[in-house]
Amino acid sequence: MTPLLLTASDYRDSAQGLVKPDVWDFIEGGAEDERTVAANVRAFDRVRLRPRVLAGVADADTGLSLFGTAYATPVGIAPTAYHRLVDAEGEVATARGATAAGALFVVAMFASRTLEDIAAAAAGNVWLQLYWLRRRDVMRSLAERAERAGYGAIMLTVDVPRMGRRRRDMRNGFTIGGGVAAVNIDPAVMASAHRRDAGRSALARHTADTFDPTLTWTDLAWLRGCTRLPLVLKGILTAQDAVLAADHGADAIVVSNHGGRQLDGAVASLDALAEVVDAVAGRIPVLLDGGVRRGTDAMAALALGARMVLTGRPPLWGLATGGADGVAGVLRAMTGELEHAMVLSGRPALEALDRSLVRPGGP
Ligand SMILES: Cc1cc2nc3c(=O)[nH]c(=O)nc-3n(C[C@H](O)[C@H](O)[C@H](O)COP(=O)(O)O)c2cc1C
C-alpha cells in the first residue's frame, strides 16, 4: 500500500528510495561536518509557542502580498539547481506544483529547463536567482530574459565566494550527468560542471572557474542597473550586513546560510533572524530559509519578523516523489499545518503573528 504522505518528512522518506545515491547526497548534504545543516533544523525544534485562547478564530488566512503579487501561502520554494536530476520535467513540474499551491518559486540560475518554459508553467509567482559570474554579460542577459518572461524579482546569492567543502560530493566525485544541464547558460561557461574528477566535486571546481569572488557592496550598483526588477540579496546572517544591504538598495533580504552548504558552523538561520529584523527596522522585507520543515516552523519565523519563508530540500523530496503533485503536496502540507497552528494560537492572519507568540530563549 502506498504510504499516506502527510508531512514533509513523509515525502523525504519516500524520495530517498527513488533518487540515485549520489544525487541524494548532493541534495541532503552540507559543508564539512554538516553542523549547520543540523543546527538549522534544531533551532526550530527548540521553539516553544505561547498560544492565545478564546480569540474567536475559526479559520486562519495564510495569504500575503509581496512586491505586488498575491500568494496563498508564506511558504515558498528556495532556489535549488538542476531539478531534472530528480524528475524528467524538472523545474516546469516544480512551477506547476508551486502555482497549484499559490506559492512563490525562486528559479535557480542553474535551472535545467529554460526560464521561458518555467515561466509559462507558472502564474507570475516566479523569481530568478543569480550568482555573480566573472562573465557579467551572462548575468545581464539572464536578468533581461527574466524581466521579459515575467519574473517578479532577481535574487542575488551572496554567500558563495567559493563553494563550501561538501565532503559527500567530494567522495562521490559528484558531477552533473545524465543529460541534465544548466540550459539557460552558454555551455562553454558550464563545461567544468560535467567533467568527472575522482575525489573532487565538479560543482566546486565549476564555482572556482566561473564565480567572481572579488565582489563587494559597491558592485551591486551594476546589477541594479541591469534590471527594473526588485533586487533581493540571499545569504545575510548579521545585523551589519543587513544594514549594508538596505543601504546599497536591496529591496529585500533572505536570512540564509545556504542550507548549511557553505560555512559549516555558521549560525542557524532562525537564530540570526531577530537580530537582522531589528537592524533592518522595517526598511525592507526580511525572508528566511534553512531548516523549515513544518507549518509551526514557518509560524515561528513569521512571528520573529520574517515576511515569508523559503524551503529548499522539501520541494525536491516532493518533486522526486510525485512530480508537480508532489511539490504541491509538500507545500500544501506545510501550509495546512500553518493554518491549523494559527487557529490553535488564536491568530486569524499572518499580520497577527508577533513575537509574543514565541517563548524567548528556548529550553
Ligand atoms: C540541492 C540544493 C541545491 C541548491 N542550489 C542552490 C542554488 O543554485 N542557488 C542558491 O542560491 N541556493 C541553492 N541552494 C540553497 C537553497 O536555496 C536554500 O538556501 C537551502 O536549501 C535552504 O535550506 P533547507 O534545504 O533546509 O530548506 C541549494 C540547496 C540544495 C539543497
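Just so it is clear, the structure is predicted and the values come from calculations on it, not from any experiment.

What counts and how
Residues numbered from 1 in each chain as written. Predicted model: local features only at pLDDT ≥ 70, side-chain atom pairs only at ≥ 80, totals over all residues. Heavy atoms only, no water. Helix = DSSP H or I, 4+ residues; strand = E, 2+ residues; numbered from the N terminus. Buried < 20%, exposed > 50% of the residue type's maximum accessible area, 1.4 Å probe, protein only. Contact = heavy atoms within 4.5 Å. Polar contact = N/O pair within 3.5 Å; in protein donor to acceptor, adjacent residues only side chain to side chain. Axes fitted to C-alpha atoms, helices over the stretch in contact; angles between N-to-C directions. Parallel < 35°, antiparallel > 145°, perpendicular 65-115°, else oblique. Nonpolar A, V, L, I, M, F, W, Y, C, P; charged D, E, K, R; others polar. Pairing = 2+ DSSP bridges. Right-handed = clockwise from strand over helix to strand, strands pointing away. 1 Å grid on protein atoms, 1.4 Å probe; cavity = no way out; pocket = protein on both sides within 12 Å on 5 of 7 lines; lining within 4 Å. Points joined across faces, edges and corners; volume = space filled by probe spheres on them. Lys, Arg positive; Asp, Glu negative; His and termini not counted. Salt bridge = Lys/Arg side-chain N within 4 Å of Asp/Glu carboxyl O. Phe/Tyr/Trp six-rings, centres within 6.5 Å; stacked < 30°, edge-to-face > 60°. Lys NZ or Arg CZ within 6 Å of the ring centre and 35° of its normal.

Asks: What's the story with the environment of E91 in this structure? I'm lost.
Replies: Here E91 shows up in helix α4 (residues 91-101). Classification of E91 by relative accessible area gives buried; the value is 0%. C-alpha separation for the pair E91 and S112, spaced 21 residues apart in sequence, amounts to 6.8 Å. Ignoring any residue separated from it by four or fewer positions in sequence, one finds E91 in contact with T80, A81, Y82, H83, R84, F105, A111, S112, R113 and I118. A distance of 2.9 Å separates the side chain of E91 from the backbone nitrogen of H83, its partner in a polar contact.

Asks: Would you take a moment to explain the packing of helix α2 (residues 21-28) against helix α14 (residues 313-344) for this structure?
Replies: In a pair of packed helices, the angle between the axes and the distance between the axes together describe the arrangement. Put simply, α2 and α14 touch, their axes get as near as 10 Å, and they point 155° apart. For the element pair α2 / α14, the angle class is roughly antiparallel. Note on element contacts: α14 touches α2 through R313, L316 and W317, opposite W24, I27 and E28. Here the contact of α2 with α14 is built from residues that sort into four nonpolar, no polar and two charged.

Asks: Got a minute to help me understand the pairing of strand β5 (residues 126-130) in this structure?
Replies: Consecutive side chains of a regular strand alternate in pointing toward one face of the sheet and then the other. Across the five residues of β5, five count as buried, placing the element largely inside the fold. Burial along β5 is two-sided: V126, L128 and L130 and W127 and Q129, pointing in opposite directions, are all buried. With three bridges joining them, strand β4 (residues 105-107) and β5 adopt parallel strand pairing. Directly across from V107, in β5, lies its bridge partner L128. Once you follow β4 into helix α5 (residues 115-120) and on to β5, the crossover reads as right-handed.

Asks: Got a minute to help me understand empty space enclosed by the protein in this structure?
Replies: Over the atoms rolls a probe the size of a water molecule, and its path tells where empty space is left. Tallied over the entire structure, the rule returns two cavities of 30 Å³ or more. Empty space within the largest cavity amounts to approximately 590 Å³. Lining the largest cavity are 40 residues, and of these P79, T80, A81, H258 and R261 sit closest to its centre. Residue assignment for the lining of the largest cavity shows that the elements contributing at least two residues are α2, α3 (35-45), α9 (202-210), β10 (308-311) and α14. There is about 30 Å³ of room inside the second largest cavity.

Asks: I'm lost on the side chain of K234 in this one. Help?
Replies: Counting through the fold element by element, K234 comes out in strand β7 (residues 231-236). The charged side chain of K234 is buried without a salt bridge, its nearest counter-charge being D289 at 4.2 Å. Beyond its immediate sequence surroundings of up to four residues, K234 is in contact with P79, M155, L156, T157, V158, D159, V254, S256, H258 and D289.

Asks: It is not clear to me how unusual backbone geometry should be interpreted in this structure. Could you clarify?
Replies: Working note: non-glycine residues mostly have negative phi, and peptide bonds are mostly trans. Backbone geometry at E34 places phi at a positive 60°, although glycine is not the residue there. Along the polypeptide, E34 turns up in the loop between α2 and α3. Exposure remark for E34: the relative accessible area of 19% places this residue in the buried category. At A281, a residue that is not glycine, the phi angle is positive and equals roughly 50°. Inspection of the secondary structure puts A281 in the loop between α12 (269-280) and β9 (286-289).

Asks: Whenever I open this one, the side chain of T311 confuses me. Can you help?
Replies: Secondary-structure assignment places T311 in strand β10. If we skip the residues at most four places from it in the chain, T311 touches V75, G76, I77, A78, V292, R293, L331 and M334.

Asks: When you look at the packing of aromatic side chains in this model, what are you seeing that I'm missing?
Replies: Any two aromatic rings considered together are summarised by their centre-to-centre distance and by the angle between their planes. All chains considered together, the criterion is met by seven aromatic pairs. Between F26 and F174, the ring centres sit 4.9 Å apart and the planes meet at 20°, which makes this aromatic pair stacked. Residue F26 is found in helix α2, and its partner F174 is found in the loop between α7 (167-172) and α8 (187-190); the two are separated by 148 residues along the sequence. Each member of the pair F26 and F174 is classed as buried. Ring centres of Y131 and F211 lie 4.7 Å apart, and the angle between their planes is 35°; on these two criteria the pair is classed as tilted. With Y131 in the loop between β5 and α6 (136-149) and F211 in the loop between α9 and α10 (220-224), this residue pair connects regions lying 80 residues apart in the sequence. Each member of the pair, Y131 as well as F211, is classed as buried. These aromatic residues form a ring-pair network of at least three members: Y82, F110, Y131 and F211. A cation over a ring is seen here: R136 above W222, with NZ or CZ 5.0 Å from the ring centre. Between the NZ or CZ atom of R261 and the centre of the ring of F26, over which it lies, the distance is 5.1 Å.

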